Structure formats: structure tokens, C-alpha cells
Amino acid sequence: MPEPMDATSPLLELRGIDKTFGAVQAVRGLSLSVPAGEFVTVVGPSGCGKSTLFNMVAGLDEPDTGGAMRFKGRGCHARELLGRVSFMPQRDLLLPWRNVIDNAILANEIEGADRKTARAKALRMLPEFGLTGFEAQYPHQLSGGMRQRVALMRTFLFERELMLLDEPFGALDALTRSIMQRWLLDVWERHRRTVLFITHDVDEAIFLGDRVLVMTARPGAVKLALPVNLPRPRPAELVTSPEFIAIKREILAAIEEESMKSFQSSGMAA
Amino acid sequence: MRGVLGAVLIVLLWEGSARGFALPSYTLPAVSEILGGIWAQRADLLSGGATTLLEALLGYGLGTAIGIALATVITILPWSRTGIMPVVMAVNSVPVAAYSPLVLLWFGIGVSSKIVMVTLAVGFTVFLSALAGFDRVDRRSVDLLRSFGAGQASVLWRLRLPAAMPLIAAGMRVATVRSLIVAIVTEMLGARSGLGWIIYQAVVQIDFVQVWAAIFVASAISLAFFGLIGWVERKVIFWR
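## Notes on the overall build of chain A
So, point 1. On a plain count of helices and strands, chain A comes out with eight helices and 10 strands.
So, point 2. A compact globule built from 270 residues would reach a C-alpha radius of gyration of about 18 Å, and chain A, at 19 Å, matches this within 12%.
So, point 3. Dimensions of chain A along its principal axes, counting C-alpha atoms only, are 55 × 45 × 45 Å.
So, point 4. Across the 270 residues of chain A, 40% fall into the buried class.
So, point 5. Within chain A, contacts between residues at least 6 apart in sequence are counted, and of these 69% link residues at least 24 apart.

Here you go:
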């Protein structure tokens, strides 16, 4: 890591964050902390403010005044995080006029890195991302899973302590998704970045995470923070083990409760 | 192939009806007669065509540059939109040709007044399509680049401009034909040379074969220009 850091303070800390869009309160009293090197997953009912949380941590949206945001132990505004976390949105958002390599080095190019050096580095990373031989292909020539891997490669190449992944596998079919999950863990164990990962898939959240955060219905806050003390590396069969099922049961109960709440309140509004 | 067949059929029909009904040349001269006229007047048509093409190309280049530049300014400085757009829309609400008497008065009957007119016509077309292209850029892509620390200029260069290219190119393709039309129409209102001027003179002299000859040359140039830009468009915007 480029800057020395107080080992005891978490990499990212949010305390009592609110965010309102017009009349809608998306997030209320949101508090969470992400220790360095941890893989934290976030699940919750749809429309619970997960994306709002991500946009704030990515620096794209400023939270309402009142809450506190700390990054590397220092209080900061959201906008100061622009360029300091590597963000991967739901859709791959590859640029159709750039080939695989040039899409992968987009963030490095924006930072002002030398293109030749960045390309060489990306070329060496291709095998790890299962893209060997595809460096000169364009996005429209790739499958959904491959496009997602290019987007992940772009995120990894933008070397920041904190990686934000917003449902990166949401658009993939179940089989490809499970392969990509194991592959992501594999890559992550070698690179050891801190990860904040949004998903609506409870299995995915438990399988990947060191800790699962369950969010409440809107306005979003953290309802439950559950450590996942399952050994790594995690085999595919893990999802059927009793320990896994026990965690899943607890999380599902919490989500169920929140989904009912949002269902009832929207039912009353209509 | 079907296009060629259609064109041949039309020419044959034209030739047949002009000769078969023995139509006088002020109604419709036969195609062969027009082609003969083109050959007979080749020196005049060549220099006239060169003048018109020069006006159209210069105006086209200037108009494209100004159109894209203006759209870029509005995109970078959103507050300037409310100042610029009403003026642009007011000027553009009248056919460009309506301004030609004024432009002829201001810039004389030489080449420069035609270049100004073509610049205006092409400028509007490209400006509006470029603006639509810039506006259409996916908000999430902009956010992604911002999260990488990209500033306005970087977002414009790496995202907005290439993303707007398909629409800009479509505008530029439409503008090719407009550039020649406007050059010729302006020439007909006052000029020293050019295809429009040849048409005007031929009408005054009641030489309708020559009118048609100039029209044929003008549409050949126009088609070639349209085809060239279309070809470049397909090469540049390969990802569609």
C-alpha cells in the first residue's frame, strides 16, 4: 500500500450518513466500517439504497450534512474520493470504440500513466482474467462473461486500496456467475484489496464475503452485520454445508422482514 | 445491383418518352441530348463545377468545425445553453436561403458569399446533431470516468466525442447534399461562376439542355460527395 496507515482504524468508515433526493430519503443513519484487506458484501431488498451508498463512496454523490465519512482514518468529503477508489458499476460500460486492452487501461490513462507501460502491464494480466489472445478484440465481439472480466480487469488495474463492485455478475447466467465468483476469489486472494461488493444474491454475498451487511428497506441503513467465518479458499460445495446454510437462514430472515416492510409501505402508498 | 437496374430503367423510360412523344427540349430533353450537351459544354461545366465544389467543400469544412465547436462549448458550459440556443433556433427557423440576399450584400457576389451560406447551412445541421449526440451519452459512463478522477476535458475527449460520433456523422452525411444545394441556389441569385450561375444564364437564354446538363453535373458531384462521406463514416465508426 502506498501510504502508511494506522493499523487499528478501518480503511473506510461511515457514521450516521443521510442522503435525500428531493422528497425521497434514500439512506438514513447509515453506519458501516470496512477494515483494510476485508471482503465486505452488502445485500438488501431492491431499492434499499445500495446504489446510493456506492455512489457516495465512489465520490459521485455528496451525503447530506450531518454524517461523517472517514477514509484511511481521516474525515473527508465524498468528492475527495473521486479517483481514490476503484469503482465497477453494474453494467460493464466498456467503450465500444476501444479494444480489450485499451478498455482495460482506461482508468490508468485518465490518471496520466504512460500508455505503453499500461498496455504492457495489461497484456501480462490477460491470462489471469481468461482473456489471452483477445487483446485486440472489441466489446461487441465478446460474450457477456468476457466483457465483465474486461471491466473487472479495468477495476484491478486502477490500483486503489478500496474496490467497489456493484452487482458485477448480476447480468450473467447462473453457471457463468458461479464460475466468475470462484475466479474472483482466486484473483482477490492473490491481490488482497479491500472490497465492498453489492449483490442481491444471498448465496453470492456469503460465498464471497468475510462479512455480510444486510440493509434495511428504504431509507437504507445497515440492519445486520454478520461475520462469515468460513475457511478460505472456498470450494463450490461450500454452499450446501450446514454452516453456510445457518448463516443463510439468518440473513434470509432479516431480508424477509425488510422486504415485507417495504412491500407493506408501498402497498399503503398506492 | 438492383439500384443500377433501376437507374438504367429510368434512363430508358426517360429517353423513350422524350423521343417517342417528341417532347420539346423546354419540357424534357432526351437523356442522350443532355449527355451531348455536357460533352459540348465540358470546359464551362468543369470550371463551373470546380467553383461550386470549392465553395461547398470550404463551407462544409468550416460549418462542420463551427457546429461541433459550438456544441462542445454548450456541453462543457451548461449555463451557456440558455443564451445560445434561442439565438440558434431563431436563425434556424427560417430556410437558410432566405438570408442569401443579405449575405450577398455583405460579402459580394464572389465566392465568399457562397462559402458563408454553405457554412451557415452545414453549421446548423452538424451543430444540432452533435448536440443530440453529446446529450445522449450514458450518464453512468460519465460517472464511471469521473470516479476514475477524470475532469471535464478528459470526459469530453475520451467519452462524449466518440460516443457522439455516430450522430455527428449522420448529420455530416445529410450536410453533404445541403452544402451543394445551398451553394448552387446562392449562385443563382448572383455570382460570377459556378453551376448555379450556369443554370441561371441558361434559363435566361432559354437553353434547357444546358440547364439539364448543369443539373446532371451537380447531382453527380453531390452523389460522389455523399458516397465519400458515407464510406468514411463506415470506416471510422466501425463499432456499430
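## Focus on the environment of B:Leu144
So, point 1. The topology assignment puts B:Leu144 in helix α7 (residues 139-147).
So, point 2. For the pair B:Leu144 and B:Val155, spaced 11 residues apart in sequence, the C-alpha to C-alpha distance is 9.8 Å.
So, point 3. B:Leu144 has contacts with A:Phe87, A:Pro89 and A:Leu93, leaving out every residue within four places of it along the chain.

## Examining the confidence of the model for chain B
So, point 1. Confidence along chain B averages 92 in pLDDT terms, with 100% of residues attaining 70 or more.
So, point 2. Confidence estimates for the predicted assembly give a pTM of 0.81 and an ipTM of 0.85.

## Some words on the sheet that holds strand β10 (residues 222-227) of chain A
Residue and element names in this part refer to chain A.
So, point 1. Read from one edge to the other, the open sheet built from six strands follows the order β6-β7-β8-β3-β9-β10, with strand pairing classed as mixed. One side of each edge strand has no neighbouring strand; the edge strands of this open sheet are β6 (85-88) and β10. Mean inter-strand twist for the sheet, computed between neighbouring axes without regard to direction, equals 15°.
So, point 2. The pairing of strand β3 (residues 39-43) with strand β8 (residues 194-198) spans four bridges and is parallel. When the bridges of β8 are listed, Val 42 appears paired with Ile 198.
So, point 3. Its contacts with the sheet place helix α1 (residues 50-57) against β3, β6, β7 (162-166), β8 and β9 (211-215), and it is angled at close to 150° to β7.

## Points about the nonpolar core
So, point 1. If you look at the biggest cluster of nonpolar residues, it comprises 123 residues, and the most contacted ones within it are A:Val57, A:Leu164, A:Leu196, A:Phe197, B:Val118, B:Ala130 and B:Ala214.
So, point 2. Broken down by element, this core gets its largest block of residues, 14 residues, from helix α6 (residues 111-135) of chain B.
So, point 3. Residues in contact with A:Leu164, not counting those within four places in the same chain, are A:Phe54, A:Val57, A:Ala58, A:Val85, A:Phe87, A:Met88 and A:Leu196.

## Overview of the domain arrangement of chain B
Residues and elements named next belong to chain B.
So, point 1. Each assigned domain of chain B is listed with its residue range as follows: domain 1 (1-40) and domain 2 (51-236).
So, point 2. Inter-centroid distance (C-alpha atoms) of domain 1 to domain 2 is 32 Å.
So, point 3. Contact residues are listed per partner, giving seven residues for domain 1 and eight residues for domain 2.
So, point 4. Of the residues contributing to the side of domain 1 that touches domain 2, the split by class is four nonpolar, two polar and one charged.

## Some thoughts on the sheet that holds strand β5 (residues 74-75) of chain A
Residues and elements named next belong to chain A.
So, point 1. A sheet is described by the order of its strands in space; here four strands give the open sequence β2-β1-β4-β5, paired in antiparallel fashion. Across the chains shown, the open sheet's two edge strands, defined by having one partner strand only, are β2 (24-34) and β5.
So, point 2. Bridge count between strand β1 (residues 12-21) and β2: seven bridges; the pairing is antiparallel. Bridging from a neighbouring strand, Thr 20 pairs with Gln 25 of β2.

Cut-offs used in this document
- Throughout, residues of each chain are indexed from 1 in the direction in which the sequence is written.
- All chains are assigned letters beginning with A, and all ligands numbers beginning with 1, in the order in which they are written.
- Confidence filtering applies because this is a predicted model: local features only for residues at pLDDT of at least 70, side-chain atom pairs given and counted only at 80 or more, and all residues used for totals across whole chains, interfaces and linings.
- The helix and strand labels rest on DSSP assignments: H or I over at least four residues marks a helix, E over at least two residues marks a strand, and numbering proceeds from the N terminus.
- For the radius of gyration, the atom set is restricted to C-alpha positions; the globular benchmark scales as 2.2 Å times the number of residues to the power 0.38.
- Note on burial: count the other C-beta atoms lying within 10 Å of the residue's C-beta; 20 or more is buried, 12 or fewer is exposed, in between is partly exposed, and C-beta positions come from the backbone.
- By the criterion used throughout, residues are in contact when their C-beta atoms, derived from the backbone, lie within 7 Å.
- The predictor reports its confidence for every residue as pLDDT, a score running from 0 up to 100.
- When DSSP locates at least two bridges between a pair of strands, those strands are taken to pair.
- Geometry is summarised by axes, namely lines fitted to C-alpha atoms with helices restricted to the contacting stretch, and by angles between N-to-C directions that run from 0 to 180 degrees.
- Under the definition applied here, buried Ala, Val, Leu, Ile, Met, Phe, Trp, Tyr and Cys residues are grouped into a nonpolar core through C-beta atoms within 7 Å.
- Note that the domain bounds reflect an automated or database-derived domain assignment.
- For this classification, Asp, Glu, Lys and Arg are treated as charged, while Ala, Val, Leu, Ile, Met, Phe, Trp, Tyr, Cys and Pro are nonpolar and the rest, including Gly, are polar.

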